[in-house]
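Now for the letters of each chain:
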Amino acid sequence: MSIASTNRMTPYLFLAPAGLVLAFALFYPICYMIYASFLDWNPSQRIGEADFVGLRNYFKLFGDPAFRESLGVTLKFAAVVVTVEMFLGVGLALLLDRNIRGMSVLRTLFILPMMIAPIVVGLMWRYMYHPTVGIFNKTLKSWGFDGVPWLSDGDWAFASVVIADVWQWTPFIFILSLAALQSLPQSAIEASKIDGATGWQQIIYIKLPLMLPVLIVTLLLRLIDSFKVLEVILVMTNGGPGLSTEILSLRINRTASEFRELGEAAAMSNLLLIVLLILTFTMFIYNKAQDARAARLRRVEEEA
């Protein structure tokens, strides 16, 4: 083997042990879960003792009204929280994209909710939503209004978990949006000012279009994460009242631990994995398209 070939192979040889460990830790559980989804399996059995039932678990899921409702709640939750968080996060970034005294302190305060453990977030909001001693109802009653059934009414419970998620994850959108704003080419903004563009025109025609690649990736990241929310809703409502806040990850947990149907839980997990893979590949393809577009523009500039 030549020295050049050895040099090319050296990085891969160093990465091989970590790659093998990662492949085993990643692919083995996924293959195990896929195999389990074809079995009628419960916790009292070893996986080798379970009966093979083929696609029965998948057909059973799509015939289950509770699963369809959980899937609908998941899609609704993801759409609402991501839309609200994108609107608030980008809006805050545009509002605070200026020289403000103490901006570093403000950024630290904004990211604090992201640093709190999800279990703590769930407990904190559950206590604040308490019908008698919670701060929200106590404040409403002190102002002469009736208390709100935050966690005991289906519609209010859904709104309550949305508010908690928005509070925790809007800072993520804000930080990425602010970073995108501060990396924009100042020449384009200065040129728009010279042409007489107003502040709103700069935002609509200059800043947002230039931020779009970062915003799309940020949106996809939050969308992926919103499908995996579990702890906050588990602590706040446990999916209730009824199934009004039971998202798919919580349904999977209940199917495995409460209903003891491990095969069905594995089938649900596979369906959720497919959705997440679709979103992940969408982000990957978009990034590749952006890189290809940037490369074409560089070639055009060099030829010119």
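Anything mentioned here points back to the structure above.
Residues numbered from 1 in each chain as written. Predicted model: local features only at pLDDT ≥ 70, side-chain atom pairs only at ≥ 80, totals over all residues. Heavy atoms only, no water.

Caption draft 1: Molecular detail of the overall build of the protein chain. For the protein chain, the count of helices and strands is 12 helices and 2 strands. Ordered by position from N to C terminus, the α and β elements of the protein chain give α-β-β-α-α-α-α-α-α-α-α-α-α-α. On the principal axes, the C-alpha backbone points of the protein chain span a range of 80 × 70 × 35 Å. Expressed as a percentage of contacts within the protein chain between residues at least 6 apart in sequence, the contacts between residues at least 24 apart total 68%. Of the roughly 18200 Å² that the protein chain leaves accessible, carbon and sulfur atoms contribute 68%. Between the averaged position of the 24 positive side-chain charges in the protein chain and that of its 23 negative side-chain charges there is a distance of 5 Å. (Helix = DSSP H or I, 4+ residues; strand = E, 2+ residues; numbered from the N terminus. Contact = heavy atoms within 4.5 Å. Areas by Shrake-Rupley, 256 points an atom, 1.4 Å probe, with all protein chains shown as cover. Lys, Arg positive; Asp, Glu negative; His and termini not counted. Charge placed at Lys NZ, Arg CZ, Asp CG, Glu CD.)

Caption draft 2: Expanded view of the packing of helix α4 (residues 103–115) against helix α7 (residues 154–182). Across the interface, α4 lies against α7 with an axial gap of 6 Å and an inter-helix angle of 140 degrees. What the angle tells us is that α4 and α7 run oblique. For the element pair α4 and α7, the recorded crossing hand is left-handed. Taken together, the residues of α7 that come into contact with α4 (itself represented by Met103, Arg107, Phe110, Ile111, Pro113 and Met114) are Trp167, Gln168, Trp169, Pro171, Phe172, Phe174, Ile175, Leu178 and Gln182. (Axes fitted to C-alpha atoms, helices over the stretch in contact; angles between N-to-C directions. Parallel < 35°, antiparallel > 145°, perpendicular 65-115°, else oblique. Left-handed = near helix turned anticlockwise from the far one by under 90°.)

Caption draft 3: Inspection of the environment of Leu223 at higher detail. Along the chain, Leu223 turns up in helix α9 (residues 199–226). Once the C-alpha coordinates of Leu223 and Ser269 are considered, the two residues, 46 residues apart in sequence, prove to be 17 Å apart. In this view, Leu223 contacts Ala78, Val82 and Leu279; residues no more than four positions away in its chain are not counted.

Caption draft 4: Representation of a nonpolar patch on the surface. There is a patch of nonpolar side chains on the surface, built from Val105, Leu109, Leu112 and Met115 and spanning about 400 Å² of accessible area. The residue Met115 is located in helix α4 in this model. (Patch = residues over 30% accessible without salt bridge, like charges linked within 9 Å, V, L, I, M, F, W, Y side chains within 5 Å. Salt bridge = Lys/Arg side-chain N within 4 Å of Asp/Glu carboxyl O.)

Caption draft 5: Main features of unusual backbone geometry. Across the junction of Gly240 and Pro241, the peptide omega takes the value -5 degrees, indicating a cis bond. Tracing the backbone shows Pro241 in the loop between α10 (231–236) and α11 (248–257). In this structure, Arg260 is a non-glycine residue whose phi angle is positive, near 60 degrees. On the secondary structure map, Arg260 appears in the loop between α11 and α12 (262–303).

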